[in-house]
Structures are given as C-alpha cells and as structure tokens.
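# Commentary on secondary and tertiary structure
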Amino acid sequence: MPALPEYKTRILLESNGVPMVPAVFLDHVPEILPKPVVYLKAQIPGATSRAGRGLVRRASSQNEISTGLTELLAEQNCLGVLAAEAADIRREYYAACLLNFGGSGSLPGGVLVFSPEGGTGIEKRTGSLVKIPFSLLNPPSADEIEEKLPGVPNSGSLAEFLNKMINTFIRYKLTVLETNPIAVVEDGSHIVIDCRAEFEKHGVSKKDAHLFELPGNTVSDTTPLEKAVESINTDDPAGTGFFRATRDSVPEGAVAVATNLCGGGGKMLWEMATGGRTDIFTLNESDTSGGLSAFKSYRILRVILSQPEADVLVLTGSGMAFQNQYHLASAVWKALRESPSPLPSLLRFGGTDQEKAIQLMDEVSQNLPVEVRVFRPEIFPNAMIEQISSILSENRVHQEFKAPEGELLFETATPPARFIYHPEKNPGGTEPACVGECPTGFLMWKDGIIATNPEAKCIGCLACETASLLRDNGVLTIELDLPEEVE
Ligand code: SF4
C-alpha cells in the first residue's frame, strides 16, 4: 500500500496531539541552517531501513549539516530532508497500529502492537510484544489501554499517548501507523522520534487529500504489474487482490523477496519479521484474501513471479485462514509449473484444509524446477527468513510451458477460465476423478463426457485440475488468461 514518509506522518500525529521530537522539513539547503546537533533524515516515500542505507545521518556541526543536506537531497525520489533535534533519551518503546482484516476466529478491526523495547531490531524481540486488538468503531480509552500495560513505568501517560495514536490511525483510515522509537525523555514524558504510515488511497477522504498527495501515489505512476493486477480485479472482482511494487531499487547485497501475503495477519507477521533488516528487501506489497478464488490467486501469483529482480518467493498468511489452503496450494503449484520464471519458494499454509495443502505441495514439489519448502502455521516467518539464504539458486530459473492442446469443453465467465478436455488421456471413457472432486457439483459425468450442472456454480478452486493431473494423467486442464503485462 502507498506509504507516507515520516514528515507527512508527523503532521497526522501532531493533529491528534501526539507529542513529537522538534523537527523541520527542508526541501533545499537554507541560508540559516538548523542548530546542531540534528539528525538528517531523507524523506523518500516507501523507503525502509534508512539508517542502514545512509539515509539518516547525525550532524554535529554546521558544516556537517550543510554537506548532509546537499547529499541527501540529491538521493533518488527524495522529497526533502527532516532535520530533527537530538533528544536526551532515557528509554525507548515501540508501538504500531495495524489493520486486521479478520479471519475465522476474529472480526476485522485494529491491533495495537506495543513493545517496552523500541529501536532497531524490533523484529528480534517479538517475545516482548503486547498485542491489543481494538474496535475501529469503539476504540479503547486511555484507562482501558493502561490496564493492558502492567509493569510499564508511568503507564498512565503512556496509555494516553497510545490512545492518541489509535485515534490518528482511525481518523485517517490508515492501514499501518508505526512509531519507533517512542522516547521517554528526562521529565518522564513521551515523544515520537520516528514514525511512518501506510494508507489505502481509496480510503483517503477529500478533505484530507492534500495531506496524502505524494509524487509516488498518483495514478500515472502505476507500474505495468500493478496495472495487470487492476485488470485481474476488474474481470474477477471477488475477494482482495492487492499488489504494489516497492519504488526503491534493491540495495546491494540484499535478497529481493517477492511476497504473496494473505490478509492483514500475513502482512503484519512479515513486517514484524523484516522491518529492521537491511539484508532482506521486500520487492512488493501484496494481499490475497477475503475469499478470492484459486483462479485469481494463480493469476496474481503469476504477476508476483514476473518481477525480474526477485530472488525468492515467500507466501504466508496469519496461520489461521478461512481461505481454503488446499485451493491456494493448487494455485501455487500451477503458478510454479507454468510460470516461465518460477522462484525458489518458502510457503506457509495455515487454516482450512492446511493438511491437504501441505500434503499436495510435498507430493508435487520434487517435480518442480525450483526448490520449495513448506511450513506449518506454528512456524513463524522469522524462521522462514532464516532459510532464505540456503534456498537461493545461483541463477534465475527459466522454463517454457505450453498449455497442452485439447478440446474446449466449456468456458466460465466469473471467474474467467477455459476448461480443456484431453480424450486421449481417458481411453477407457470412464468417469475421471476430477468430476467427483468438484466441491459444488458443477462438474458432472453425463453420457460419457464431462458436462456442467446449470444449477451449480464454478468457484474457481482448481480442485478438478489438481485431481486430474495427479490421478487422471491430465484429462482435464484449465487455461486462465493473463494480462499482457505479465511475463
Ligand atoms: S469446476 Fe468445480 S472443481 Fe473445477 S474449479 Fe470449478 S468449482 Fe472447482
């Protein structure tokens, strides 16, 4: 999702009374420079891990301020530099508000994630995190938040601070609002040292549009692969299909990870696991959830695999998805066997039919041209990341896939697909297994041929093709169109 740079996020927080470290935004080198000591922070939409990339610098003299400003302003996509006063920090906390799209065991809402240990490397301290789910319609009061912060010094003042942060998150309909660190200063009060926000552009109200206007957020800036996903959503609108390319280039030495994150839970886990790392570069944001078909999952996966810079694919959800994981695994298998540029993959399945999903990938992964490792929901993305370096291949794999020719049986409009029959694979003319696998009864065996039941509907689950390939030698295959931008 589009990200706001720190100087814009500060405006949102300040408008809700959240105290911030004093800072000034500069889009040129002024004649009168700020007084040292200051931290100079390049404002680049979507930029993460700025400290590790030299985009944050401590300047302790006028000369260092002038040089630092000149260099940072020359960085690609830099909108300006935030010059923030150095604070006398006694203690650091971490807090984030995240949108939770809900799942089989929870309603949609927000989650406040708090850690009494802020600063860099927060992803390594997941054990210290306190998670407080909250309603977007009836957010918790400061007193209610304080009850959830046992053992934190001056918790009343901190709870008021967090309450204002939640109000900011809700007021501007953000998807992520992160403050790290929140500093406890000499007088015991709390101030934000660094912050960032993400938002969904359709969620921005007209009166707030000026706050969210960024060069990188305009429609004309849409990348070809983002356009491809927009067209997939147009002809198959059911469920969430979200994809956004990260605007930064891959830092030298970092592993470029193509992600398929399923729902807010998957996104949250991924961000917690990678937020402070400079060796892992997230090539794209994504969200496939909300009851989308396996047909659509496949098509979006093909977009994700099309990213030429990608080294590896990571797929994960919350670990308790309502989305049928066997259908998702069928989509992953199809994408990896049909994509001209499949990626070594780390796949985490958790939720409905997870055992069938894991079993399917175990069965088929030996015949794929790339290595695939499958994880159970008990394994968190932190552990998956530790395996990235050992799964990378030296060169990107390329393969040619040609859909086998056969007889067009029928087409479905929503989700759009062509079902192809291969009679030579069924010389006995008996009912193939794919018919019985159809969960809706849409497929029928009638007069020695596969037919469709007008009373039932195809939900695009891919179960028939999967059964056909595994048990019927491929008597039925499915062709799914891809936008021209894909590979
Ligand atoms: S025909 Fe049946 S099994 Fe095949 S994709 Fe449609 S719903 Fe699934």
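Further remarks concern the packing of aromatic side chains. For the structure on display, the rule yields 8 aromatic pairs. Ring centres of Y93 and F114 lie 5.3 Å apart, and the angle between their planes is 55 degrees; this geometry places the pair in the tilted category. Taken together, the positions of Y93 in strand 6 (residues 89-100) and F114 in strand 7 (residues 109-115) put the pair 21 residues apart, joining distant regions of the chain. F114 shares its class with Y93; the two are buried. Ring plane angle 85 degrees and centroid distance 6.0 Å describe the contact between F134 and F169, whose orientation is recorded as edge-to-face. With F134 in strand 8 (residues 130-134) and F169 in helix 4 (residues 155-171), this residue pair connects regions lying 35 residues apart in the sequence. Given the relative accessible area of 6%, F134 is considered buried. Given a relative accessible area of 1%, F169 falls into the buried group. By the ring-pair criterion, three or more aromatic residues cluster together here, those being F295, F410, F419 and F442. Between K334 and the ring centre of Y298, over which it is positioned, the NZ or CZ distance is 5.3 Å. Sitting above the plane of the F380 ring, R348 keeps its charged end 5.3 Å from the centroid.

For the rest of this paragraph, the subject is the pattern of salt bridges. Pairs can form between side chains of opposite charge whenever their charged atoms are close. Scanning the model with the defined rule gives 24 salt bridges in all. Close ionic contact of R10 with E14 constitutes a salt bridge, the shortest N to O distance being 3.6 Å. You can see R10 and its partner E14 sitting in helix 1 (residues 6-15), 4 residues apart, about one turn around the helix. Taking relative accessible area as the criterion, R10 reaches 5% and is therefore assigned buried. When its relative accessible area of 42% is taken as the criterion, E14 is described as partly exposed.

If you look at the biggest cluster of nonpolar residues, it comprises 61 residues, and the most contacted ones within it are F349, M361, F419 and L443. Domain assignment of the residues forming this core places at least three in each of domain 3 (221-391) and domain 4 (407-479).

The next point concerns the packing of helix 6 (residues 224-235) against helix 8 (residues 294-305). Close contact between helix 6 and helix 8 brings their axes to 10 Å; oriented N to C, the two are set at 170 degrees. Judged by the angle between their axes, helix 6 and helix 8 are roughly antiparallel. Counting all contacts with helix 6, which are made through L225, A228, V229, I232, N233 and D235, the residues of helix 8 involved are K296, R299, I300 and V303. For the contact of helix 6 with helix 8, a count of residues per class yields 6 nonpolar, 1 polar and 3 charged.

It is worth spelling out the site of the ligand at this point. Inspection of the region around the ligand gives F295, F419, C438, P439, F442, L443, C458, I459, G460, C461, L462 and C464 as its neighbouring residues. Looking at the shell around the ligand residue by residue, the class counts come to 11 nonpolar, 1 polar and no charged.

The rules behind the values
- Residues numbered from 1 in each chain as written.
- Predicted model: local features only at pLDDT ≥ 70, side-chain atom pairs only at ≥ 80, totals over all residues.
- Heavy atoms only, no water.
- Phe/Tyr/Trp six-rings, centres within 6.5 Å; stacked < 30°, edge-to-face > 60°.
- Helix = DSSP H or I, 4+ residues; strand = E, 2+ residues; numbered from the N terminus.
- Buried < 20%, exposed > 50% of the residue type's maximum accessible area, 1.4 Å probe, protein only.
- Lys NZ or Arg CZ within 6 Å of the ring centre and 35° of its normal.
- Salt bridge = Lys/Arg side-chain N within 4 Å of Asp/Glu carboxyl O.
- Core = buried A, V, L, I, M, F, W, Y, C linked by side-chain atoms within 4.5 Å.
- Domains from an automatic or database assignment.
- Axes fitted to C-alpha atoms, helices over the stretch in contact; angles between N-to-C directions.
- Parallel < 35°, antiparallel > 145°, perpendicular 65-115°, else oblique.
- Contact = heavy atoms within 4.5 Å.
- Nonpolar A, V, L, I, M, F, W, Y, C, P; charged D, E, K, R; others polar.
- Near = heavy atom within 4 Å.

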